[in-house]
Amino acid sequence: MTPDEAAMAEAVGLGRSVRRRSSPNPWVGCVVVPDGGGPAFEGATEPPGGRHAEAVALALAGEAARGATVYVSLEPCAHHGRTPPCADALVAAGVARVVVATEDPDLRVSGRGIERLRAAGIDVEVGVGRAGAEELLAPYLKQRRTGRPWVVLKLAATLDGRTAAPDGTSRWITGPAARADVHALRAESDAVAVGAGTVRSDDPSLTVRDVEGRDPLRVVLGRVPPGAAVAPALEHVGPLEDLLDELGRREVLQLLVEGGPEVAHSFHAAGLVDRYVVYVAPALLGGDDGSPLLRGPGAPSMADVWRGRLGEVRVLGGDVRIDVLAR
């Protein structure tokens, strides 16, 4: 790993550390390496209304930023939003070189930050650590490019692929570690969706409890029954594409779908899922009368089978988490 790659990996890691608290701002990290060496200065995006990663790192660096090399996991902004432009702050600080992992597709930036730095005589290199940065920032990048949130479909199943017993009971398929991990998924999501049937049968609150983080916007596909724990919630009746458009307008970067097999099938069949997170317990219902992962028409032949790209696989207590990305 080159020094540039190592510094950018540190910047990406700083962004990951604020994943649950920066949205709808992108979770970005910045590392300022002074000219001639010495300790680096690090920053990460603060909660909405706070400073961006570059401003945090530059404030820590002070005069040491003059002539420094700056590593940032996303192109510095070039517009006045909740805070002043980071590109202007880098120019004013007198940095000599800026290394950017990936460009910002936001139409208010979209290359303008890089252009402003270069126009000021700053050496700019783009693409170091791109893959890692784009993987981490995937929800933000998709929402800015398409106007729709990144959709994560969460499923929990027995080893024989069942999500509930024949009597409808599903608590608990997985153990405490996997359930805490689901709360972490909620905490990094801006909205969480379930079907009205799940609300009626399970009465979930869909709040973040087992980890530190904010409660997401709660969305019910259908009508919320009176007195339901999920209230207040956004109700949606109609095409799922319309829901995603509405959530995108609300600056929702990531939607977590936690519905039952019908809801899961509806998102999957429409090709709207970006990432599948499947928790598998070493348990067997032992028959074919339990609820499946997806309920609805499937692929008519092996030639039509949906195939994704295997991502992370982790053991969580006595269960396994499998991440699959849509290609």
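See the structure printed just above.
We now turn to the structure provided with this report. Values in this document were obtained by computation on a predicted structure and should not be read as measured data. (Residues numbered from 1 in each chain as written. Predicted model: local features only at pLDDT ≥ 70, side-chain atom pairs only at ≥ 80, totals over all residues. Heavy atoms only, no water.)

## Comments concerning the overall build of the protein chain
To be explicit about the condition: Numbering of helices and strands starts at the N terminus; helices are DSSP runs of H or I of at least 4 residues and strands are runs of E of at least 2. Atoms counted for the radius of gyration: C-alpha only. Globule rule: 2.2 Å times the number of residues to the power 0.38. Note on classification: 1.4 Å probe, protein chains only; a residue is buried when its accessible area is under 20% of the maximum for its type, exposed when over 50%, partly exposed between these limits. Any two residues having at least one pair of non-hydrogen atoms within 4.5 Å are treated as being in contact. A 1.4 Å probe and the Shrake-Rupley method give the accessible areas. Residues count as covered only by the protein chains that appear here. Neither His nor the chain termini are counted; the positive set is Lys and Arg, and the negative set is Asp and Glu. A single reference atom marks each charge: NZ on Lys, CZ on Arg, CG on Asp, CD on Glu.
Along the protein chain, the regular secondary structure elements total ten helices and 15 strands. A compact globule built from 327 residues should have a C-alpha radius of gyration of about 20 Å, and the protein chain, at 22 Å, falls within 12% of that. Viewed in the frame of its principal axes, the protein chain has a C-alpha envelope of about 70 × 40 × 40 Å. By residue count, 52% of the 327 residues in the protein chain fall in the buried class. At a minimum sequence separation of 6, the contacts of the protein chain that also span at least 24 residues come to 72%. Element-wise, carbon and sulfur atoms account for 52% of the exposed surface of the protein chain, whose accessible area totals about 14900 Å². Counting 36 positive and 43 negative side-chain charges, the protein chain places the averaged centre of each group 3 Å from the other.

## Overview of the packing of aromatic side chains
Two aromatic rings, taken as a pair, are described by how far apart their centres are and by the angle between their planes. Rules: Whether two aromatic rings pair depends on their centres lying within 6.5 Å, for rings of Phe, Tyr and Trp, where Trp uses its six-membered ring; planes under 30 degrees apart make the pair stacked, over 60 edge-to-face, and the rest tilted. For a ring to carry a charge above it, either NZ of a lysine or CZ of an arginine must fall within 6 Å of the ring centroid while also lying within 35 degrees of the normal to the ring plane.
Per the counting criterion, the structure on display carries one aromatic pair. Over the ring of W27 we find R19, and its NZ or CZ is 3.8 Å from the ring centre. Directly above the ring of W172 sits R179, whose terminal nitrogen or CZ lies 4.5 Å from the centroid.

## Some points on helix α9 (residues 240–249)
Each α-helix winds once per 3.6 residues, and so residues spaced three or four apart point in a common direction. For the record, the criterion: Here the arc refers to the set of directions running from the helix axis out to each C-beta atom.
Every buried residue belonging to α9 is among L240, L243, L244, L247 and G248, and all of these are buried. Angular distribution of buried residues about the axis of α9 spans 135 degrees; they occupy a single face of the element. In the stretch just after α9, E251 is the one whose phi turns positive, near 65 degrees.

## Thoughts on the sheet that holds strand β3 (residues 69–72)
Stated precisely, the cut-off is as follows: Strands are treated as partners if at least two bridges between them are detected by DSSP. A fitted line through C-alpha atoms represents every axis, and for helices the fit uses only the stretch in contact; the resulting angles, taken between N-to-C directions, go from 0 to 180 degrees.
Strand order in the open sheet made by the five strands is β2-β1-β3-β4-β5, with mixed pairing throughout. Because the sheet does not close on itself, it has two edges, and the strands there are β2 (41–44) and β5 (123–126). The mean angle between the axes of side-by-side strands here comes to 15 degrees, regardless of whether they run parallel or antiparallel. Judged from the four bridges that link them, strand β4 (residues 97–100) and β5 form a sheet pairing that is parallel. Each bridged residue has a counterpart across the sheet, and for R97 the counterpart in β5 is D123. Most of the contacts of helix α1 (residues 3–17) go to strand β1 (residues 29–33), to which it runs at about 140 degrees, and overall it touches β1, β2, β3, β4 and β5.

## Observations regarding the packing of helix α3 (residues 86–93) against helix α4 (residues 112–119)
The geometry of a pair of packed helices is captured by two quantities: the angle between their axes and the separation between those axes. So the rule is basically this: Throughout this description, any angle smaller than 35 degrees is read as roughly parallel, any larger than 145 degrees as roughly antiparallel, any in the 65 to 115 degree range as roughly perpendicular, and the remainder as oblique. Should the near helix be turned anticlockwise from the far one by less than a right angle, the crossing is left-handed, and should it be turned clockwise, the crossing is right-handed.
The contact between α3 and α4 brings their axes to 9 Å, and the two run at 20 degrees. In terms of orientation, α3 and α4 fall into the roughly parallel class. Crossing handedness for the pair α3 and α4: right-handed. Residues A87, D88, L90 and V91 of α3 form the contact with α4, whose own contacting residues are G113, R116 and L117.

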